[in-house]
Amino acid sequence: MIRQIAGRAVHVCADEGPSLADDHELSGLIGDLFSSGAKIAAIPLERLGPDFLRLGTGVAGQVLQKLVNYRFQVAILGDVSAAVDKSGPLRDFVRESNRGATVWFVDDLAALETKLKA
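Below: a short report on this structure. (Residues numbered from 1 in each chain as written. Predicted model: local features only at pLDDT ≥ 70, side-chain atom pairs only at ≥ 80, totals over all residues. Heavy atoms only, no water.)

Structural notes on the overall build of the chain
Next up, step 1: Helix and strand counts for the chain come out as five helices and five strands.
Next up, step 2: Starting at the N terminus, the α and β elements of the chain follow one another as β-β-α-β-α-β-α-α-β-α.
Next up, step 3: Viewed in the frame of its principal axes, the chain has a C-alpha envelope of about 35 × 35 × 25 Å.
Next up, step 4: Look at the contacts in the chain between residues 6 or more apart in sequence, and 70% of them connect residues 24 or more apart.
Next up, step 5: Of the roughly 6,400 Å² of accessible surface on the chain, a fraction of 50% belongs to carbon and sulfur atoms. (Helix = DSSP H or I, 4+ residues; strand = E, 2+ residues; numbered from the N terminus. Contact = heavy atoms within 4.5 Å. Areas by Shrake-Rupley, 256 points an atom, 1.4 Å probe, with all protein chains shown as cover.)

So this is what it looks like as structure tokens:
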């Protein structure tokens, strides 16, 4: 679904559905982004599967790199604090991502709106 957030078209993925860590499903999302004209994808953490926050699996790198290669901004929606508390590398990754303009980890759409307004 496309929502206007802070004056920008954002493709907000449903909370439930197939895992976007699956390459076929991720390609479908990219097709939807191109069709809609949205340049930002807001993806609920639940849609990325249990390995997304385990950096050693490569899932996060695969998903995010593919979206970034197509020049989309990505907002991962959800509370990552428990995983960040357990992993220094993940904590660093989230912190550095949130400093940039391409990939953000935010709690919800309200936090994304705040980020987009900054």
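Still to come is the rest of the account.
Digging into helix α1 (residues 23-36)
Given 3.6 residues per turn, any residue in an α-helix points the same way as the ones three and four places further on.
Next up, step 1: Relative to the 20 Å expected for 14 residues at 1.5 Å per residue, α1 spans 20 Å between its end C-alpha atoms, a close match to the ideal helical length.
Next up, step 2: Each element contacted by the buried residues of α1 is listed here: β2 (8-12), β3 (40-44) and α2 (59-69).
Next up, step 3: A distance of 3.1 Å separates the backbone nitrogen of His24 from a side-chain oxygen at the start of α1, and that oxygen is part of Asp22.
Next up, step 4: Looking one or two places after α1, you find Gly37, whose phi comes out positive at around 85°. (Expected span 1.5 Å × (residues − 1). Polar contact = N/O pair within 3.5 Å; in protein donor to acceptor, adjacent residues only side chain to side chain.)

Thoughts on the nonpolar core
Across soluble globular proteins, nonpolar side chains have a tendency to be buried as a group.
Next up, step 1: In this structure, Leu29, Ile43, Phe52, Leu67, Ile76 and Phe105 are the most contacted members of the largest nonpolar core, which totals 27 residues.
Next up, step 2: Counting residues per element, the ones that place at least two in this core are α1, β3, α2, β4 (73-77), α4 (88-99) and β5 (103-106).
Next up, step 3: With five residues, α2 is the largest single contributor of residues to this core.
Next up, step 4: With residues up to four places along the chain from it excluded, the contact list for Phe52 reads Leu45, Val59, Ala60, Val63, Leu64, Ile76 and Phe105.
Next up, step 5: Core analysis: the next-biggest nonpolar cluster, separate from the first, contains twelve residues, Val10, Val12, Ala75 and Trp104 among them. (Core = buried A, V, L, I, M, F, W, Y, C linked by side-chain atoms within 4.5 Å. Buried < 20%, exposed > 50% of the residue type's maximum accessible area, 1.4 Å probe, protein only.)

Regarding the packing of α1 against α2
Next up, step 1: Where α1 meets α2, the closest approach of the two axes is 11 Å, and the angle between their N-to-C directions is 25°. It follows that α1 is roughly parallel to α2 by the angle criterion. Between α1 and α2 lies a crossing whose hand is right-handed. Listed contacts from α2 to Asp23, Leu26, Ser27, Leu29, Ile30 and Leu33 of α1 are Gln62, Val63, Lys66 and Leu67. (Axes fitted to C-alpha atoms, helices over the stretch in contact; angles between N-to-C directions. Parallel < 35°, antiparallel > 145°, perpendicular 65-115°, else oblique. Left-handed = near helix turned anticlockwise from the far one by under 90°.)

What to know about the environment of Ser36
Next up, step 1: One can find Ser36 in helix α1.
Next up, step 2: Along the primary structure Ser36 and Ile2 are separated by 34 residues, whereas in three dimensions their C-alpha atoms are 7.6 Å apart.
Next up, step 3: Within the structure, Ser36 has its side chain in polar contact with the backbone nitrogen of Ala38 (distance 3.1 Å).

Looking at the sheet that holds β4
Strand pairing in a sheet is mediated by backbone hydrogen bonds. Such pairs are either parallel or antiparallel.
Next up, step 1: Spatial ordering of the open sheet is given by β1-β2-β3-β4-β5, a layout of five strands whose pairing is mixed. Across the chains shown, the open sheet's two edge strands, defined by having one partner strand only, are β1 (2-5) and β5. If you compare each strand with its neighbour and ignore which way they point, the axes differ by 30° on average.
Next up, step 2: In this structure, β3 lies alongside β4, joined through five bridges in parallel fashion. Pairing of Ile40 across the sheet is with Gln73, part of β4. (Pairing = 2+ DSSP bridges.)

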